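Descriptive analysis of the structure
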Amino acid sequence: MLKMAVLVSGGGTNLQAIIDSITNGTITNAEISVVISNNANAYALERARKHGIEARCISPKEYETREAFNKALLAAIQSYGVDLVVLAGCLVVIPEIMVKAYPNRIINIHPALIPSFCGTGYYGLKVHEGVLKRGVKVTGATVHFVDEGTDTGPIILQKAVEVKEGDTPEILQRRVMEEAEWVIMPKAIDLIANDKIEVVDGLVRSR
């Protein structure tokens, strides 16, 4: 059974998609051991508690330095003996010590088709604002492993979403969530939980 820690910062819609997918059997052989947020007011923590999942807040504000926070976050995750760390709308920059502790065992969902509209400064609504400003016709979402860079790790899954006339960043964000994020994140977890993929020479391959 794959044990997961899910890291969140806000409402937790991707967390809910994961919980629902475990419940309905879309994700097999996996369970959430803990949900951790850097934000004590994140509704994601309430979602976790409603489903009987341990929910914790570990905030940078509680530590004198970023290094101290990073160490505390890593120690907390390691204390649950998890196999996979899932970033589901987590706005914390993942420290190098965590990447080294969990090589190819941290996954992230990004609301665009990497390598487009990704990297430093592209998060949340800013991604969709960038898409609309550029005038592209197709956007989407990407699930990837996390490495030392920003949105540069091996890509696991991508799904395209149409950009429609009259879209606002908020409308586009919702469509990308519903049509792509909530579909490919659970699918990626299921692939990992059932040992169906591996990373070879920096690329994800099917086993």
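This is a predicted model, so every value here is computed, not measured. (Residues numbered from 1 in each chain as written. Predicted model: local features only at pLDDT ≥ 70, side-chain atom pairs only at ≥ 80, totals over all residues. Heavy atoms only, no water.)

**Some words on the sheet that holds strand 4 (residues 84–87)**
- Read across the open sheet, the 7 strands follow the order 3-2-1-4-5-6-7; overall the sheet is mixed. What marks the edges here is a single partner per strand, and that holds for strand 3 (54–57) and strand 7 (155–162). Looking at each pair of strands side by side, their axes are set apart by 20° on average, direction ignored.
- The pairing of strand 2 (residues 30–37) with strand 3 spans 4 bridges and is classified as parallel. Of the residues in strand 3, the one forming a bridge with valine 34 is glutamate 54. (Pairing = 2+ DSSP bridges. Helix = DSSP H or I, 4+ residues; strand = E, 2+ residues; numbered from the N terminus. Axes fitted to C-alpha atoms, helices over the stretch in contact; angles between N-to-C directions.)

**Let's talk about empty space enclosed by the protein**
- Counting across every chain of the model gives 1 cavity of 30 Å³ or more.
- As for the largest cavity, its lining consists of Leu7, Ile36, Ser37, Asn38, Ile58, Phe69, Leu73, Cys90 and Val92.
- Among the secondary structure elements, those contributing two or more residues to the lining of the largest cavity are strand 2 and helix 3 (66–79).
- Of the residues belonging to the lining of the largest cavity, the class tally is 7 nonpolar, 2 polar and no charged. (1 Å grid on protein atoms, 1.4 Å probe; cavity = no way out; pocket = protein on both sides within 12 Å on 5 of 7 lines; lining within 4 Å. Points joined across faces, edges and corners; volume = space filled by probe spheres on them. Nonpolar A, V, L, I, M, F, W, Y, C, P; charged D, E, K, R; others polar.)

**Notes on the environment of glycine 89**
- As for its placement among the helices and strands, glycine 89 is situated in the loop between strand 4 and helix 4 (96–101).
- Residue class for glycine 89 comes out partly exposed when judged on its relative accessible area of 38%.
- For glycine 89 and glycine 124, which are 35 residues apart along the polypeptide, the C-alpha to C-alpha distance reads 8.2 Å. (Buried < 20%, exposed > 50% of the residue type's maximum accessible area, 1.4 Å probe, protein only.)

**What to know about the environment of valine 82**
- The topology assignment puts valine 82 in the loop between helix 3 and strand 4.
- Other than its neighbours up to four places away in sequence, valine 82 contacts Lys3, Met4, Ala5, Ser33, Ile77 and Tyr102. (Contact = heavy atoms within 4.5 Å.)

**Comments concerning the pattern of salt bridges**
- The tally for this structure, following the rule as stated, stands at 6 salt bridges.
- Between glutamate 67 and lysine 71 there is a salt bridge whose closest N-O contact spans 3.5 Å. Here glutamate 67 pairs with lysine 71, and both are found in helix 3, just 4 residues apart, close to one helical turn.
- Between arginine 207 and aspartate 195 there is a salt bridge, and its shortest N-O distance comes to 3.1 Å. Taken together, the residues arginine 207 in the segment after strand 9 (203–206) and aspartate 195 in the loop between helix 6 (169–193) and strand 8 (197–200) connect sequence positions 12 residues apart.
- Within this structure, Asp195, Glu198 and Arg207 form a network of salt bridges that share partners. (Salt bridge = Lys/Arg side-chain N within 4 Å of Asp/Glu carboxyl O.)

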